[in-house]
2 protein chains.
Amino acid sequence: MLSVASADTGAPTHPDHVLTVTGAGLVGSLLALYLARRGHAVDIYERRPDPRRAGADAGRSINLALSDRGWRALEGVGIAEAVREVAIPMHGRVMHDVHGQLSYQPYGLPGQSIYSVSRAGLNRRLLELAEAQPGVRVFFGQQCLDVNLRQRELHLRDIETGREQHVAFRRLFGTDGAFSAVRSAMQKTDRFDYSQRYLEYGYKELTIAPTPEGGWALEKNALHIWPRGRYMMIALPNLDGSFTCTLFFPFEGEESFAALKTPADVTAFFQRVFPDVLPLMPELTDDFFHNPTSSLVTVKCFPWSFDDDVVLLGDAAHAITPFYGQGMNAGFEDCRVLNELMERHGENWELVFREFQQLRKPNADAIADLAVYNFVEMRDRVADPRFLLQKKIEGKISTQFPGQWTSLYSQVTFSPDVPYADAWTNGQRQDAIMARLMQHIDSEADYDTPEVQELVAQELARAN
Amino acid sequence: MLSVASADTGAPTHPDHVLTVTGAGLVGSLLALYLARRGHAVDIYERRPDPRRAGADAGRSINLALSDRGWRALEGVGIAEAVREVAIPMHGRVMHDVHGQLSYQPYGLPGQSIYSVSRAGLNRRLLELAEAQPGVRVFFGQQCLDVNLRQRELHLRDIETGREQHVAFRRLFGTDGAFSAVRSAMQKTDRFDYSQRYLEYGYKELTIAPTPEGGWALEKNALHIWPRGRYMMIALPNLDGSFTCTLFFPFEGEESFAALKTPADVTAFFQRVFPDVLPLMPELTDDFFHNPTSSLVTVKCFPWSFDDDVVLLGDAAHAITPFYGQGMNAGFEDCRVLNELMERHGENWELVFREFQQLRKPNADAIADLAVYNFVEMRDRVADPRFLLQKKIEGKISTQFPGQWTSLYSQVTFSPDVPYADAWTNGQRQDAIMARLMQHIDSEADYDTPEVQELVAQELARAN
């Protein structure tokens, strides 16, 4: 066996069969588990300290919505059931208007839900399972300063000691997130297409406290939305009875983070636009001024691989905005797809990486665009009675013609066999159909008129 | 006066009034000249060795087309006339078909030309003029490894000695080109939008030799094009009787750089598609296999400034493809515009930088898109008789209605008062008008029919 020597005598050497992963976040730790289950030795380098010994990471979302693509990837390593025990199902959206009036929109058919999970809890779980595999080693507190792609070397810095070292790799999997050091090195290679685009919105996490009895102050099994046109707040339930709220809000302008300068400003603003929730947020002004205002970026790039040496997965390859709740799910799906390709092509890495990026790139682009599209839907359209009526009509079509009409949301969220790109294409076709139908519909009852029934039948016949 | 200390004792210190420029290419040296003429002390750091002592730079174009925006910027520092003496006017395009048949298309009105200039010669000239100014210092062979924006420090490496140093700056002008180290540092700041996109085409420079008598083997005062649909070659005259040809060609595919593997492949290909020029290229196969195949990138980013400390100009802010011959001209125009803003706002740098990027960004985006658009025109449309007829009709309108119809090409090339973005908008409107008119026109003579004359008058009345 050929041993690849390290440039630094103090560094571990890596024989050819060891796979190297940068980043032990959600995608990196799930990937390591997949790789280890295939019999590979895996070394993971992670910038942050061991999350089991340190506090939560500032600026990362506290909870996440796990949906069917994510579940399917977790099933692939046999841990879906364990995760489901600590996940809270959310059956639909509860919209809160400025008067505290609620409306409800189910996410899918009865029994279909998305699940609120703790980012930190899920990450710890995946890491524990990965580390329990023989041959898996995780090195925490190792910041990747640079990657030398030609010499196949990581330049690492120990965040506690400041000591720098060069570590050789033979096969590198970059799962080091939206600001990936691996991708940053690839960006400097010839003919690497790259874009990073920020929204003019930031987000800030806030907290709804549990009730004095330790229960949930709002409907537990729902995702709550306060749609306000140009901005919005959402809330996902936590196991301890609290909700984590996220305010998506312009950085600048009349109503913006920049405009809310004092605790009194914040309280008055919440009183005016989120009056029902203000009494449930005792820590509001503290949270507001202590928690970071984070930005929202979409990263697209291509290729995702460098020769048969390096491949990017998850946010490192395709960072997206959170508005479809699909960032983690898309990254987990990357792991599942890569695993299937390894199953098919064995250690023909060049072929595995090439097919991986060809399969995944159009889907990553589609979910990136869908996420931005869904921001408009969530912050604005869900407050529009016509839009809610349209969603109800879509639900009726779906029930009346089983299998012939699956909403865009359901295709993205509950249909892991439908690639994101196909969902997006289908969704645009459905939008055109609904625009035609809604010209004839003013109420739910109109759906049952012979005229509309015939139109629906015609549209479906044409579409299928 | 406050002196900003360097982090490295060996490095020069920079008092507050010294301006720092990275990159002494065409834009950097012209900018330094503008700044020096305003009375500023300027330190320039350039990666390459002194071009007056070293050979030409591999992978950069040998000659360039200078047009009115560039001339205007050169006039601003009083050096236009000196440059004009070593520039070769090109009055129009000469198209060469596969049988060696020629057709001609003037660029503008009589007397309007673009000018072939030597990149190296122009750069040397600008550098000499800049260095002759009191207070200007140029440090060659200084590679910028990194820029610390917060601490306002360049991390430089001397390419001869390998010695690294940190140099403080107070005000930094990044003119360090398409792969700018300054921009690379800015890319890591929050909410910095960035994209780099490569064409699937590369380019390679080749040479048409002078005649035995030392003259030009093709019409001297023209830009030559061999349009071949999916690819093309162009040639610009040099002072020594040679032409520098540039082959724009797909990287991969049936007809591509990858497909031409041997000297025999190259000769056979040129014999088939560029037969008239093959006998004029005695060094063809040597050039082909020794000269680099370079890639074609478009870089867009925003913002172009970091606080009131740093600003990007030229390719560092907006690298574009060469197909409109506007890369250098746009960069020179940056210098002129920045100078006008300094004239207006004095040393209110925050205001100067803010207005500069607001004014220039839409124009930089427009010329980037125009350049890609013009690639299709040059490699494909100029070989189409209908397109050439349309250009002749446009010429007739322009002559018949002076001041009422300026072609898109003329707006971009000969109208420095028209911003690129306006030219692009006007050009799209003209395209729509010409599409309507050309439905009634099959020959030049048709232009004079009463029907067409009335249509033209109507369209112009509507447009103006």
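Residues numbered from 1 in each chain as written. Chains lettered and ligands numbered in written order. Predicted model: local features only at pLDDT ≥ 70, side-chain atom pairs only at ≥ 80, totals over all residues. Heavy atoms only, no water.

Put simply, the test is: UniProt positions are given in the numbering used here, feature names are shortened, and annotations may be inferred rather than shown by experiment.
Under an unreviewed UniProt entry, the name given to chain A is Kynurenine 3-monooxygenase, and the source organism is Hymenobacter gummosus. Quoted straight from UniProt, the Sequence similarities (unreviewed entry) entry for chain A says "Belongs to the aromatic-ring hydroxylase family. KMO subfamily."

Observations concerning the overall build of chain A
We apply this condition: Helix and strand assignments follow DSSP, with helices taken as H or I runs no shorter than four residues and strands as E runs no shorter than two, numbered in order from the N terminus. We take the radius of gyration over the C-alpha atoms and set the globule estimate at 2.2 Å times the residue count to the 0.38 power. Summary of the burial criterion: residues with accessible area below 20% of their type's maximum are buried, those above 50% are exposed, and those between are partly exposed, where the area comes from a 1.4 Å probe applied to protein chains only. Working definition of accessibility: Shrake-Rupley area with a 1.4 Å probe, residue cover restricted to the visible protein chains. Counted as positive: Lys and Arg. Counted as negative: Asp and Glu. His and the chain ends are not counted at all. Working definition for charges: the position is that of NZ of Lys, CZ of Arg, CG of Asp or CD of Glu.
From N to C terminus, chain A includes 14 helices and 21 strands. Computed over C-alpha atoms, the radius of gyration of chain A comes to 24 Å, within 12% of the 23 Å expected from 2.2 N^0.38 for 464 residues, which places it in the range of a compact globule. For the C-alpha atoms alone, the extent of chain A along its principal axes is close to 75 × 55 × 40 Å. Put simply, chain A has 464 residues, and 54% of those count as buried. Put simply, chain A shows about 19600 Å² of open surface, and 51% of that area lies on carbon and sulfur atoms. Here chain A carries 46 positive and 61 negative side-chain charges, and the mean point of each set is 3 Å from the other.

Describing the relation of the copies chain B and chain A
Here is the rule: When the copies are superposed, the least-squares fit draws on C-alpha atoms of residues that have pLDDT of at least 70 in both. We call two residues contacting when some pair of their heavy atoms lies within 4.5 Å.
With an RMSD of 0.0 Å, the operation that places chain B on chain A is a rotation of 180° combined with a shift of 0.0 Å along the axis. Such a turn and shift between the copies fits a two-fold axis. Relative to the rotation axis, the closest C-alpha in chain B is found at Ser195(B), a distance of 2.0 Å. When the interface residues of chain B are mapped onto chain A, 100% of them again fall at the interface, so both copies present the same face.

Some points on the packing of aromatic side chains
Any aromatic ring pair is given by two values, namely how distant the centres are and how the planes are angled relative to each other. Let me state the cut-off plainly: In this analysis, rings of Phe, Tyr and Trp, with Trp reduced to its six-membered ring, are considered paired at centre separations within 6.5 Å, and the interplanar angle assigns stacked below 30 degrees, edge-to-face beyond 60, and tilted for intermediate values. By definition here, charges over rings are those cases where NZ of Lys or CZ of Arg is within 6 Å of the ring centre and within 35 degrees of the ring normal.
Evaluation of the coordinates by the stated rule reveals 53 aromatic pairs over all chains. Between Phe269(B) and Phe274(B) the ring centres are 6.0 Å apart and the planes differ by 85°, which places this aromatic pair in the edge-to-face class. Exposure class is identical for Phe269(B) and Phe274(B). Each is buried. Put simply, the rings of Tyr231(A), Phe249(A), Phe251(A), Phe257(A), Phe269(A), Phe270(A), Phe274(A), Phe288(A) and Phe289(A) pair up and form one aromatic cluster. The ring centre of Tyr115(B) lies 5.4 Å from the NZ or CZ of Arg84(B), which sits over that ring.

Focus on the side chain of Thr244(A)
All names here are of chain A. Under the convention used in this document: Each polar contact in these results corresponds to two N or O atoms within 3.5 Å; when the atoms are within protein, one needs to be able to donate a hydrogen and the other to accept it, and residues that are neighboring in sequence are counted only if both atoms are side-chain atoms.
Note on placement: threonine 244 falls in strand β18 (residues 243-250). Among the polar contacts made by the side chain of threonine 244, one reaches the side chain of asparagine 238 at a distance of 2.9 Å. With residues up to four places along the chain from it excluded, the contact list for threonine 244 reads Ile62, Asn63, Glu205, Leu206, Ile234, Ala235, Leu236 and Asn238.

Quick word on the domain arrangement of chain A
Put simply, the rule reads: Where each domain begins and ends is defined by an automated method or by a domain database.
Each domain of chain A was delimited in the assignment, giving domain 1 (3-87 + 117-196 + 297-374), domain 2 (198-295) and domain 3 (384-463). Once you take the C-alpha centre of each, domain 2 of chain A and domain 3 of chain A turn out to be 33 Å apart.

A few points about the interface of chain B and chain A
Just so we agree on the cut-off: Put simply, buried area is how much 1.4 Å-probe accessible surface two parts lose in total, over both of them, once they are put together. When residues are sorted by character, Ala, Val, Leu, Ile, Met, Phe, Trp, Tyr, Cys and Pro go into the nonpolar class, Asp, Glu, Lys and Arg into the charged class, and all the rest, Gly among them, into the polar class. In this analysis, strands are considered paired if DSSP registers two or more bridges between them.
Between chain B and chain A, the contact holds 14 residues from the first and 14 residues from the second. Taken together, the two surfaces of chain B and chain A that pack against each other cover about 1500 Å², and 34% of this comes from carbon and sulfur. Three residues stand out in chain B for area buried against chain A, namely Arg191(B), Gln196(B) and Tyr198(B), and they jointly supply 39% of the buried area on that side. Scanning the region where chain B abuts chain A turns up 11 residue pairs in polar contact (both at pLDDT 80 or more). Of the residues forming the side of chain B that touches chain A, the biggest block, 6 residues, is contributed by strand β15 (residues 193-208) of chain B. Residue composition of the side of chain B that touches chain A, grouped by class: 4 nonpolar, 5 polar and 5 charged. Across 3 bridges, the pairing between strand β15 (residues 193-208) of chain A and β15(B) is antiparallel. By the bridge assignment, Tyr194(A) is partnered in β15(B) with Gln196(B).

Structural notes on helix α6 (residues 263-273) of chain A
Spacing of three or four residues puts side chains on the same side of an α-helix, whose turn is 3.6 residues. All names here are of chain A. Spelled out, the test is: Read the arc as the range of directions from the helix axis to the C-beta atoms.
Every buried residue of α6 is accounted for by Val266, Phe269, Phe270 and Val273. All buried residues of α6 fall inside an arc of 95° around its axis, so they share one side. Within α6, the exposed residues directed more than 90 degrees away from the buried face are Ala264 and Arg272. Here the buried face of α6 lies against β15, β17 (232-237), β18 and α7 (284-290).

Here we look at unusual backbone geometry
Put simply, Phe302(A) and Pro303(A) share a cis peptide bond, and its omega is 0°. Backbone geometry at Arg191(B) places phi at a positive 65°, although glycine is not the residue there. Structurally, Arg191(B) can be placed in the loop between α5 (181-187) and β15. The phi angle at Asp307(B) is positive, at roughly 50°, despite the residue not being glycine. The residue Asp307(B) is located in the loop between β20 (305-306) and β21 (310-312) in this model.

Observations regarding the sheet that holds strand β4 (residues 41-45) of chain B
All names here are of chain B. Taken together, 6 strands build an open sheet; the order of strands is β10-β4-β3-β14-β21-β20 and the sheet is mixed. Single-partner strands in this sheet number two, and they are β10 (136-139) and β20. Bridging between β4 and β10 involves 4 bridges; their strand directions are parallel. What sits directly across from isoleucine 44, in β10, is valine 138.

Comments concerning empty space enclosed by the protein
Residues and elements named next belong to chain A. So the rule is basically this: Grid points spaced at 1 Å over the protein atoms alone were grouped into cavities, where a 1.4 Å probe fits but cannot get out, and pockets, open sets with protein on both sides within 12 Å along at least five of seven lines, with lining residues defined by an atom within 4 Å of a point. Grid points are joined across faces, edges and corners, and a volume is the space filled by probe spheres set on the points.
Considering all chains together, one arrives at 1 cavity of 30 Å³ or more under this definition. Empty space within the largest cavity amounts to approximately 30 Å³. Val299, Lys300, Cys301, Trp304, Ala317, His318, Ile320, Lys361, Ala364, Asp365 and Ala368 are the residues that line the largest cavity. Tallying contributions element by element places helix α10 (residues 349-379) first for the lining of the largest cavity, with 4 residues. A breakdown of the residues in the lining of the largest cavity according to their chemical character gives 7 nonpolar, 1 polar and 3 charged.

Topic: helix α14 (residues 450-463) of chain B
All names here are of chain B. To be explicit about the condition: The span you would expect from a helix comes to 1.5 Å times its residue count less one.
Taking 1.5 Å of rise per residue, the 14 residues of α14 would be expected to cover 20 Å, and the 20 Å separating its terminal C-alpha atoms lies within 8% of that figure. Of all the positions in α14, only Val452, Val456, Glu459 and Leu460 are classed as buried. Projected down its long axis, α14 shows its buried positions confined to an angular sector of 95°, all on one face. In α14, the exposed positions that point more than 90 degrees away from the buried face belong to Pro450, Glu454, Ala461 and Arg462. Looking at the buried residues of α14, the elements they touch are α11 (385-400) and α13 (420-438).

Regarding the sheet that holds strand β14 (residues 171-174) of chain A
Either a parallel or an antiparallel arrangement is found when strands of a sheet pair, and the pairing is made through backbone hydrogen bonds. Pairing within the open sheet is mixed, and its 6 strands lie in the order β10-β4-β3-β14-β21-β20 (chain A). Each end of this open sheet is capped by a strand with a single partner; those strands are β10 (136-139) and β20 (305-306) of chain A.

Let's talk about the state of the cysteines
Residue and element names in this part refer to chain B. Where we set the bar: When two cysteine sulfur atoms lie within 2.5 Å, the pair is treated as a disulfide.
Considering all chains together, one arrives at 0 disulfides over all chains under this definition. You can see cysteine 335 has no disulfide; the closest cysteine sulfur is in cysteine 301, sitting 16 Å from it. For cysteine 335, a relative accessible area of 1% translates into the label buried.

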